[in-house]
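Chain by chain, the residues run as shown.
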Amino acid sequence: LFGSFSFRSFTFRIESKAAFASEDDMTSGESARPNYVAVWGWLVVLLVVSVVAAYLPLPHMAILLVIFSVAVAKALLVAANYMHLRFEKWLIYAIAITPVVLLIGLTLVLMPDIVFGH
Amino acid sequence: MNETLVMESGLEIRAATGIPTGKVGVWWFLASEIMVFGGLIACYVLFRLASGGWTEEASHVSTPIGSINTLVLLTSSLTMVEAFAAVEDRDHKRVRIFLFLTVLLGLTFLGIKAYEYSTEVGKGFTPLAGLFWSFYYTMTGLHALHVLAGVIANLALLIMALGGHLWSKVQHRVELAGLYWHFVDIVWIFLFPLLYLSY
């Protein structure tokens, strides 16, 4: 949900081809460049949303859901646009995603013992 | 298969992957960093769930200060990526300005963090004050060390840019330093709700 949100809303100002990921010399010409300032604007809006949500008289679980969903959305925005993951090849995705999958797996397999084992 | 193509800019591109070698190296490094910070965060989450939460302890951190520092770091990511864009445009002046702003914002983040630490220690919330505070100082301290390393890297690039040496086939390092800087930003994006908002 947030992935498509971030990818669709912040692309813009495409000038020509992908930056750096191509075999071309990185300084040789124009590249697809997101609107970095617009991305920053959305990051600030999301920051405000998470801070306001933390102060609202909502159920604790609802607050946690909002603030961590916002964190994931912000991380995706930074990775996709500022780190140019949108333009990268599969190898970079593989390197980036593998430890994240390992980490989620590690947490899940430890959870029954540490959280529910007491 | 292992042929390396060296471009005019100094970029080395592996024929097998079509990706600059330095970029692949930095992403491998970041992958290991994900495990370092991720392991800490996973421990924090599991212990917090297991012990029923540390609401009282966590309520003593300053959410306004944490929010301001988040804004500072998010803005530094913008200036860093603008420095990269300026490299692409071969705009020397903008590269210098945005690298300077990134260094300044990084130092601002560290200054605010130092003020926060001194305030908390002054109130008796030392790393020994409880499990929450142990995690708090370990995670934010390790993160601050990474910010410091990023500031030093960016400062080195700024000095090279000011001396006119950045353009002698090493300008692609601005992108590599940027990847690291944005990663440090992403780590904070998760530390902020974990430590400052989920009380």
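So, how was this worked out
Residues numbered from 1 in each chain as written. Chains lettered and ligands numbered in written order. Predicted model: local features only at pLDDT ≥ 70, side-chain atom pairs only at ≥ 80, totals over all residues. Heavy atoms only, no water. Helix = DSSP H or I, 4+ residues; strand = E, 2+ residues; numbered from the N terminus. Buried < 20%, exposed > 50% of the residue type's maximum accessible area, 1.4 Å probe, protein only. Contact = heavy atoms within 4.5 Å. Areas by Shrake-Rupley, 256 points an atom, 1.4 Å probe, with all protein chains shown as cover. Lys, Arg positive; Asp, Glu negative; His and termini not counted. Charge placed at Lys NZ, Arg CZ, Asp CG, Glu CD. Core = buried A, V, L, I, M, F, W, Y, C linked by side-chain atoms within 4.5 Å. Expected span 1.5 Å × (residues − 1). Bend = angle between axes of the 7 residues up to and from the residue. Patch = residues over 30% accessible without salt bridge, like charges linked within 9 Å, V, L, I, M, F, W, Y side chains within 5 Å. Salt bridge = Lys/Arg side-chain N within 4 Å of Asp/Glu carboxyl O. Buried area = accessible area lost by both parts, 1.4 Å probe. Polar contact = N/O pair within 3.5 Å; in protein donor to acceptor, adjacent residues only side chain to side chain. Nonpolar A, V, L, I, M, F, W, Y, C, P; charged D, E, K, R; others polar. Phe/Tyr/Trp six-rings, centres within 6.5 Å; stacked < 30°, edge-to-face > 60°. pLDDT = per-residue confidence, 0-100.

Each helix and strand in chain A was counted, giving four helices and zero strands. Secondary structure elements of chain A occur, N-terminal to C-terminal, as α-α-α-α. The proportion of buried residues among the 118 residues of chain A is 42%. Considering only residue pairs separated by 6 or more positions, chain A has 57% of its internal contacts joining residues 24 or more positions apart. Accessible surface for chain A amounts to roughly 6,200 Å². Of this, 75% is attributable to carbon and sulfur atoms.

This brings us to the overall build of chain B. Looking only at helices and strands, one finds six helices and two strands in chain B. Along chain B, from the amino end to the carboxyl end, the secondary structure elements read β-β-α-α-α-α-α-α. Projected onto its principal axes, the C-alpha positions of chain B cover 60 × 40 × 20 Å. In chain B, which comprises 199 residues, the proportion classed as buried is 56%. If you sum the accessible surface of chain B, you get close to 8,000 Å²; carbon and sulfur atoms cover 70% of it. When the 11 basic and 14 acidic side-chain charges of chain B are each reduced to a single mean position, those positions are 5 Å apart.

Membership of the largest hydrophobic core comes to 91 residues, with the highest contact counts inside it found for Trp27(B), Phe132(B) and Tyr136(B). Secondary-structure elements contributing two or more residues to this core are helix H2 (36-55), helix H3 (60-82) and helix H4 (90-114) of chain A together with helix H1 (21-50), helix H3 (63-88), helix H4 (92-122), helix H5 (131-162) and helix H6 (173-197) of chain B. Here this core gets 18 residues from one element, more than from any other, and that element is H6(B).

With that settled, the discussion passes to H4(A). Helix length check: H4(A), at 25 residues, gives a terminal C-alpha distance of 35 Å against a target of 36 Å (1.5 Å per residue), a fit within 8%. A bend of about 25 degrees at Ile97(A) is the largest found in H4(A), and the proline Pro99(A) appears one to four places after it. Listed in full, the buried residues belonging to H4(A) are Ile92(A), Ile95(A), Ala96(A), Pro99(A), Leu103(A) and Thr107(A). Packing partners of the buried residues in H4(A) comprise H1 of chain B.

A cluster of nonpolar side chains, contributed by Val48(A), Val52(A), Leu56(A) and Leu58(A), occupies part of the molecular surface with about 320 Å² of accessible area. Mapped onto the elements, Leu58(A) comes out in the loop between H2 and H3.

Attention now moves to the interface of chain B and chain A. Tallying the contact residues gives 56 residues for chain B and 51 residues for chain A. Contact between chain B and chain A buries roughly 4,800 Å² in total, counting both sides, with carbon and sulfur atoms accounting for 76%. On the chain B side of the interface with chain A, the three residues burying the most area are Trp27(B), Leu46(B) and Glu88(B), jointly 15% of the side's total. Here Arg33(A) ties to Asp89(B) by a salt bridge, and the two come within 2.8 Å at their closest N and O atoms. Between the two partners, chain B and chain A, sit five residue pairs in polar contact (both at pLDDT 80 or more). Counting residues per element, the side of chain B that touches chain A draws most heavily on H3(B), at 15 residues. A per-class count over the side of chain B that touches chain A returns 34 nonpolar, 14 polar and eight charged.

Attention shifts here to the packing of aromatic side chains. All names here are of chain B. As enumerated under the stated definition, the model contains 21 aromatic pairs over all chains in all. Here the aromatic rings of Phe47 and Phe135 are separated by 6.0 Å at their centres, their planes lie at 50 degrees, and the arrangement is tilted. Of the two residues, Phe47 sits in helix H1 while Phe135 sits in helix H5, which places them 88 residues apart along the sequence. For Phe47, a relative accessible area of 38% translates into the label partly exposed.

Next up on the list: the confidence of the model for chain A. All names here are of chain A. For chain A, the mean per-residue pLDDT works out to 78, and 73% of the residues sit at or above 70. For chain A, helix H1 (residues 2-9) is the element with the lowest average pLDDT, namely 38, and H2 is the one with the highest, namely 96. The low-confidence segment residues 1-30 (pLDDT under 50) makes 75 contacts with residues lying over four places distant or belonging to another chain.

Another aspect to go through is the pattern of salt bridges. Side-chain pairs of opposite charge can arise where the charged atoms are in close proximity. Enumeration according to the criterion identifies eight salt bridges over all chains in this entry. One salt bridge connects Lys23(B) with Glu88(A), and the closest N-O pair in it is separated by 2.9 Å. Pair noted here: Lys23(B) is in helix H1 and Glu88(A) is in the loop between H3 and H4, and the two residues belong to different chains. The same class applies to Lys23(B) as to Glu88(A), namely buried. Among the ionic pairs, Arg94(B) bridges to Asp89(B), the shortest N-O distance being 3.3 Å. Overlapping salt bridges bring together Arg33(A), Glu82(B), Glu88(B), Asp89(B), Asp91(B) and Arg94(B) as one network.

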